[in-house]
Amino acid sequence: MNNVNQSKTERIDIRANSAVKQLLQEAARSCHKSVSEFLLDAGVTAANQALADRQKFVLSDEQWAAFQDALDRPAQAKPNMKKLLSQPGLLD
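Predicted model only: the values in this text are computed from it and were never measured. (Residues numbered from 1 in each chain as written. Predicted model: local features only at pLDDT ≥ 70, side-chain atom pairs only at ≥ 80, totals over all residues. Heavy atoms only, no water.)

### As for the overall build of the chain
Broken down by element type, the chain carries four helices and zero strands. Ordering the α and β elements of the chain from the N terminus gives α-α-α-α. A globule of 92 residues ought to have a C-alpha radius of gyration of about 12 Å, yet the chain, at 23 Å, is considerably larger. With the principal axes as the frame, the chain shows a C-alpha extent of 55 × 45 × 25 Å. Every one of the 92 residues in the chain was classed for burial, and the buried ones make up 4%. With the model as given, the accessible surface of the chain reaches about 9,100 Å², and the carbon-plus-sulfur share is 55%. The centroid of the 12 positive side-chain charges in the chain is displaced by 7 Å from the centroid of its 11 negative side-chain charges. (Helix = DSSP H or I, 4+ residues; strand = E, 2+ residues; numbered from the N terminus. Rg over C-alpha atoms; globule rule 2.2 N^0.38 Å. Buried < 20%, exposed > 50% of the residue type's maximum accessible area, 1.4 Å probe, protein only. Areas by Shrake-Rupley, 256 points an atom, 1.4 Å probe, with all protein chains shown as cover. Lys, Arg positive; Asp, Glu negative; His and termini not counted. Charge placed at Lys NZ, Arg CZ, Asp CG, Glu CD.)

### Examining the confidence of the model for the chain
On average, residues of the chain carry a pLDDT of 90, and 95% of them reach 70 or more. Model confidence for the chain, summarised as mean pLDDT per element, is weakest for helix H2 (residues 35-55) at 91 and strongest for helix H1 (residues 18-30) at 97. (pLDDT = per-residue confidence, 0-100.)

### Observations concerning unusual backbone geometry
Positioned with a positive phi, histidine 32 is a non-glycine residue whose angle comes to about 55°. On the accessibility criterion, histidine 32 (74% relative accessible area) is exposed.

### Some words on the packing of aromatic side chains
Going through the model one piece at a time under the given rule, you end up with two aromatic pairs. Taking 5.6 Å as the distance between ring centres and 40° as the angle between the ring planes, the aromatic pair formed by tryptophan 64 and phenylalanine 67 counts as tilted. Here the residue tryptophan 64 and the residue phenylalanine 67 both occupy positions in helix H3 (residues 61-72), the gap between them amounting to three residues, near one helical turn. Of the residues examined, phenylalanine 67 reaches a relative accessible area of 32% and is grouped as partly exposed. Three or more aromatic residues link up through ring pairs in this structure, and these residues are Phe57, Trp64 and Phe67. (Phe/Tyr/Trp six-rings, centres within 6.5 Å; stacked < 30°, edge-to-face > 60°.)

Here you go:
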């Protein structure tokens, strides 16, 4: 889905400090893009990556069978995990 090149009717406003703005401007120039184009392209790429594993995953028939077997297996007690979680943590 390449929504980047479609007509733009919505506005997104962001705030940044001077150093970040200069960094984005320099990066955009190096790609021969405006800052808006650079941010939009980078944002869409990052959004697609962030959502990719939540939208679809593909398994072969063998992998699907193994996945189903793992889901159907009864839960196993993990004594070491129980011990670890019952002890105070570093931030407690």
